[in-house]
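Secondary and tertiary structure notes
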Amino acid sequence: MTASPELVVLLDEEGRPIGSADKATIHTAHTPLHLAFSCHVVDDDGRVLLTRRALDKLTWGGVWTNSVCGHPGPGEDPVDAIVRRAEQELGTRVDRIEPAIPDFRYRAVDDSGVVENEICPVFTARIRANLAPRADEVCAYVWARPEDVRTSIDATPFAFSPWMVEQVPRMALYSR
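Residues numbered from 1 in each chain as written. Predicted model: local features only at pLDDT ≥ 70, side-chain atom pairs only at ≥ 80, totals over all residues. Heavy atoms only, no water.

1. So, the overall build of the protein chain
Convention followed: Helix and strand assignments come from DSSP, with helices taken as H or I runs of at least 4 residues and strands as E runs of at least 2, each series counted from the N terminus. Radius of gyration: C-alpha atoms only; globule rule: 2.2 Å multiplied by the number of residues to the exponent 0.38. To sort residues, take the accessible area from a 1.4 Å probe on protein chains only and compare it with the maximum for the residue type: under 20% means buried, over 50% means exposed, and anything in between is partly exposed. Here a residue-residue contact requires only that any non-hydrogen atoms of the pair lie within 4.5 Å. We get accessible surface area from the Shrake-Rupley algorithm with a probe of 1.4 Å; when it comes to residues, only the shown protein chains can shield them.
When its secondary structure is counted, the protein chain shows four helices and twelve strands. Taken against the 2.2 N^0.38 rule, which gives 16 Å for 176 residues, the C-alpha radius of gyration of the protein chain at 15 Å falls within 12% of a compact globule. Counting only C-alpha atoms, the protein chain reaches 40 × 35 × 30 Å along its principal axes. A total of 176 residues make up the protein chain; the buried ones form 45% of that total. For the protein chain, the proportion of contacts with a sequence separation of at least 24, taken over those separated by at least 6, is 66%. When the accessible surface of the protein chain is summed, it comes to about 8,900 Å², and 51% of that surface belongs to carbon and sulfur atoms.

Structure follows, in structure tokens:
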């Protein structure tokens, strides 16, 4: 039995859904605007989970980024998508999912020429189980104090995903 394609929600310039497309086909040099999410996972000690993207990811392989990203499917609530992707990508459970930057939007071009073009609400969440990341998603991870994340991004923004570089200065989590 063939697996169903993972669908992403295509958006118009005002952020309204206008259809869907197979995720495997849209990330190109001409990526259409689509819906995504980013989530910064925090532990009970207030540390943030940073993940290093698998080296063979289509875009930004090997760079450090926030805990988990993904795309809500058509009709899927972003909170449900975060729970789903945290389990699929990180092998963990999260709760206390809260909006951090509901209006975040970015466009970035990877060195390979592939474009990310997303309306990407940003959330925070609490981890509730041990981590067991999938090797095809995450090649390394670290728990870091928010102030150390901010300092690292300020000093070496090229080591981080472009969306994280834009998100961190706008998030209360990192300004404490």
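2. A few points about the pattern of salt bridges
Put simply, the test is: Within this document, salt bridges are pairs made up of a side-chain nitrogen of Lys or Arg and a carboxyl oxygen of Asp or Glu, the two lying within 4 Å of each other.
Scanning the entire structure with this criterion turns up 16 salt bridges. Of the charged contacts, one joins Asp95 and Arg128 as a salt bridge, the two residues approaching to 3.0 Å between their closest N and O atoms. Pair noted here: Asp95 is in strand E8 (residues 94–101) and Arg128 is in the loop between strand E11 (122–127) and strand E12 (138–144), with a separation of 33 residues, a long-range link. Judged by its relative accessible area of 31%, Arg128 is partly exposed. A salt bridge links Arg145 to Glu147, with the shortest nitrogen-to-oxygen separation between them at 3.4 Å. Of the residues examined, Glu147 reaches a relative accessible area of 40% and is grouped as partly exposed. Each of Lys57, Arg85, Glu89, Arg134, Asp136 and Glu137 takes part in one network of salt bridges that share partners.

3. Re unusual backbone geometry
Unusually for a residue other than glycine, Trp60 sits at a positive phi of about 50°. Inspection of the secondary structure puts Trp60 in the loop between strand E5 (48–53) and strand E6 (64–65). Given a relative accessible area of 11%, Trp60 falls into the buried group. A positive phi angle is found at Arg96, which is not glycine, with a value near 50°. Considering the arrangement of structural elements, one finds Arg96 in strand E8.

4. Describing the pairing of strand E2 (residues 17–22)
Test applied: Here, a strand pair is defined by DSSP locating no fewer than two bridges between the strands.
Where strand E1 (residues 7–11) lies against E2, five bridges are found, and the strand directions are antiparallel. Among the inter-strand pairings, Val9 is bridged to a residue of E2, identified as Ser20. Linkage of E1 to E2, two consecutive antiparallel strands, is achieved through a turn of five residues, within which Gly15 is found at a positive phi near 85°.

5. A few points about the packing of aromatic side chains
Worth spelling out the cut-off: Any two rings among Phe, Tyr and Trp, with Trp reduced to its six-membered ring, count as a pair given centres within 6.5 Å; such a pair is stacked if its planes are under 30 degrees apart, edge-to-face if over 60, and tilted if neither.
In the structure shown here, the tally under the stated rule is three aromatic pairs. Taking the centre distance of 5.5 Å and the plane angle of 85° together, the rings of Trp60 and Trp163 count as edge-to-face. Remark: Trp163 occurs in helix H4 (residues 162–167) and Trp60 occurs in the loop between E5 and E6; sequence separation between them is 103 residues. Of the residues examined, Trp163 reaches a relative accessible area of 2% and is grouped as buried. Put simply, the rings of Trp60, Phe104, Tyr106 and Trp163 pair up and form one aromatic cluster.

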